[in-house]
Amino acid sequence: MTDILVLGAGYTGVMAAIRVARRTRRTGGKVTLVNASPRFTERLRLHQTAAGQRLADHPLDEVVAGTGIAFVQGRVSAVDPGRREVRLDDGRTLGYDKLIYALGTVTDVSVPGVAEHAYSYDDHAAAVRLSKHLDTLTRGTVIVAGGGLTGIESATELAETRPHLRVILLTRGRPGSMMGRGARAYLDAALERLGVEVRTGVDITKVLPDGVELAGGELLHSDATLWTTGTRGLPVAAGSGLSVDARDRIVVDSTLRSVSHPDVYAVGDAAAVSQKFGVMHGTCQGGIPTGLHAADSLADTLRGKAPRPFKFGYFHQPVSLGRGDAVIQFTRPDDSPRRWYLTGRAAVFYKETVSSSPIPMFRLLKRGLVPVRAFALSALPS
Ligand SMILES: Cc1cc2nc3c(=O)[nH]c(=O)nc-3n(C[C@H](O)[C@H](O)[C@H](O)COP(=O)(O)OP(=O)(O)OC[C@H]3O[C@@H](n4cnc5c(N)ncnc54)[C@H](O)[C@@H]3O)c2cc1C
């Protein structure tokens, strides 16, 4: 028997757990999946939750039913790679032979006041808290900090579903700066149509209970501030002695094993994965292939086979602009924009297909029907 512990049941942890359970069932793999919540959180849709939409419920014991995976609900508080043990915050201890770490990231709270006064997407409950607070406002201002894809999706969703509120998007660069010219112009027009006020070139130095302070001292009032400007790995990884990067993500080798502790694999947002173009940034698009690949690396290692190096290339930047509009920027493998982009209804359909694909993909994976290599898109010409 080999005890395989998978920490975190987000997109990448569930994928890794199902895949490794399938690949090791004949070689004695016993897989346990640990997650803080008993439900699968569709992180891709947390802006919809914040806007007050009710989403489908996916209990994790149903998600992994029929796979032989044991699901444990619990919050991980520490990993001891020397003793090969994981501690939960209720005092329980879980041993392992091999660990797949998929705990994702949390909001970077290094700007003063973020932890105390800003709303975040750290988990489903955090998005629900924002939604409930917005329900109490008949008028007022919401500040969305951060002009990346999460900030844009949030500002447009909130502006569309809560038109009585003033939504201000504050960003250092221009919103969607990673997109090409055409997609950016479409995005700018959509923000204007939805009434989102955009302020660029802005540095927020402090979040206050009723607003934000900008560099230079200007104060902006807000009734709710949503922080989407950056994330970091959980303190659990660094605290355990695993090698982490400057953003507390676990540094892995080409087979997705921790460079400091080879019995630990790290995947998804929690991992610092180097590719030809640099270190991957946190997306589901890139995270799911890491989950599948780590599972294969681990299974190959148990069989005495040499694991293959992980190769990945980005394909798209899908961005919803409320429920009725979207823009999809197609990209080169290094995530730089190609000339092609999709807008309007076709883009809404595309985005919805992407966002709803993980659950059916889990089912296919249970039956061994996901062509794992199809996820590694690095073969695309740049
Ligand atoms: C609003 C929004 C929109 C997004 N849109 C896109 C998109 O369109 N395309 C895209 O590719 N990416 C998108 N992303 C990014 C994407 O959601 C993440 O990259 C993806 O969720 C990473 O998956 P993961 O499994 O690594 O982490 P997560 O999905 O965050 O899963 C981590 C899991 O670990 C659990 N966990 C955390 N801490 C503990 C603990 N201490 N103990 C036990 N369990 C714990 C959590 O409950 C969670 O289940 C979006 C993100 C947001 C917030």
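Shown above is the structure to which this text applies.
I will try to describe carefully the structure that is included in this document. (Residues numbered from 1 in each chain as written. Predicted model: local features only at pLDDT ≥ 70, side-chain atom pairs only at ≥ 80, totals over all residues. Heavy atoms only, no water.)

1. Some thoughts on the overall build of the protein chain
Thinking step 1. Along the protein chain, the regular secondary structure elements total eleven helices and 24 strands.
Thinking step 2. Sorting the 382 residues of the protein chain into buried and exposed places 51% on the buried side.
Thinking step 3. For the protein chain, restricting intrachain contacts to residue pairs at least 6 apart in sequence, the fraction spanning at least 24 positions comes to 64%.
Thinking step 4. Entry remark: accessible area of the protein chain is about 17000 Å², with carbon and sulfur atoms responsible for 51%.
Thinking step 5. Here the protein chain carries 47 positive and 37 negative side-chain charges, and the mean point of each set is 8 Å from the other. (Helix = DSSP H or I, 4+ residues; strand = E, 2+ residues; numbered from the N terminus. Buried < 20%, exposed > 50% of the residue type's maximum accessible area, 1.4 Å probe, protein only. Contact = heavy atoms within 4.5 Å. Areas by Shrake-Rupley, 256 points an atom, 1.4 Å probe, with all protein chains shown as cover. Lys, Arg positive; Asp, Glu negative; His and termini not counted. Charge placed at Lys NZ, Arg CZ, Asp CG, Glu CD.)

2. Some words on the pattern of salt bridges
Thinking step 1. One pass over the full model with this rule turns up 24 salt bridges.
Thinking step 2. A salt bridge links Arg-323 to Glu-157; its shortest N-O distance comes to 2.8 Å. Of this pair, Arg-323 sits in the loop between strand S22 (316–320) and strand S23 (326–331) while Glu-157 sits in helix H6 (residues 149–161); the two residues are 166 residues apart in sequence, bridging distant segments of the chain.
Thinking step 3. The class for Arg-323 is partly exposed, based on a relative accessible area of 31%.
Thinking step 4. What makes Glu-157 buried here is its relative accessible area of 0%.
Thinking step 5. Between Lys-305 and Asp-300 there is a salt bridge, and its shortest N-O distance comes to 3.8 Å. (Salt bridge = Lys/Arg side-chain N within 4 Å of Asp/Glu carboxyl O.)

3. Notes on the site of the ligand
Thinking step 1. Near the ligand you find 28 residues, and of these Thr-12, Val-76, Asp-269, Cys-284 and Lys-351 are the closest.
Thinking step 2. A distance of 3.0 Å is found between a nitrogen atom of the ligand and a backbone nitrogen or oxygen belonging to Ala-36.
Thinking step 3. At 2.9 Å from an oxygen atom of the ligand is found a main-chain nitrogen or oxygen belonging to Gln-285.
Thinking step 4. Here the ligand has 1000 Å² of accessible area as a free molecule, and 90% of this is covered by the chains.
Thinking step 5. Counting only elements with at least two residues in the shell around the ligand, the list comes to helix H1 (11–24), H6 and helix H9 (284–302). (Near = heavy atom within 4 Å. Polar contact = N/O pair within 3.5 Å; in protein donor to acceptor, adjacent residues only side chain to side chain.)

4. Digging into the environment of Gly-201
Thinking step 1. Its place among the elements puts Gly-201 in the loop between strand S11 (197–199) and strand S12 (204–208).
Thinking step 2. In this structure Gly-201 touches Thr-171, Arg-172 and Gly-173, once residues within four positions along its chain are discounted.

5. Here we look at the sheet that holds S22
Thinking step 1. With respect to topology, three strands assemble into an open sheet ordered S22-S23-S24, the strand pairing being antiparallel. Sheet topology places S22 and strand S24 (337–343) at the edges, where each strand pairs with a single neighbour. The average angle at which neighbouring strand axes cross in this sheet is 15 degrees, direction not considered.
Thinking step 2. Of the strands in this sheet, S22, S23 and S24 are in contact with helix H10 (residues 344–356), which crosses S23 at around 75 degrees. (Pairing = 2+ DSSP bridges. Axes fitted to C-alpha atoms, helices over the stretch in contact; angles between N-to-C directions.)

6. Regarding the sheet that holds strand S5 (residues 85–88)
Backbone hydrogen bonds hold the strands of a sheet together, and the pairing may be parallel or antiparallel.
Thinking step 1. Read from one edge of the open sheet, three strands run S4-S5-S6, paired in antiparallel fashion. One side of each edge strand has no neighbouring strand; the edge strands of this open sheet are strand S4 (76–80) and strand S6 (93–95). Averaged over all pairs of adjacent strands, the angle between strand axes in this sheet comes to 20 degrees, irrespective of strand direction.
Thinking step 2. Pairing between S4 and S5: four bridges, direction antiparallel. Note that in S5 the partner of Ala-78 across the bridge is Arg-87.

7. Notes on empty space enclosed by the protein
Thinking step 1. Tallied over the full model, the rule gives one cavity of 30 Å³ or more.
Thinking step 2. Of the volumes computed, that of the largest cavity is approximately 70 Å³.
Thinking step 3. Of the residues belonging to the lining of the largest cavity, the class tally is three nonpolar, seven polar and two charged. (1 Å grid on protein atoms, 1.4 Å probe; cavity = no way out; pocket = protein on both sides within 12 Å on 5 of 7 lines; lining within 4 Å. Points joined across faces, edges and corners; volume = space filled by probe spheres on them. Nonpolar A, V, L, I, M, F, W, Y, C, P; charged D, E, K, R; others polar.)

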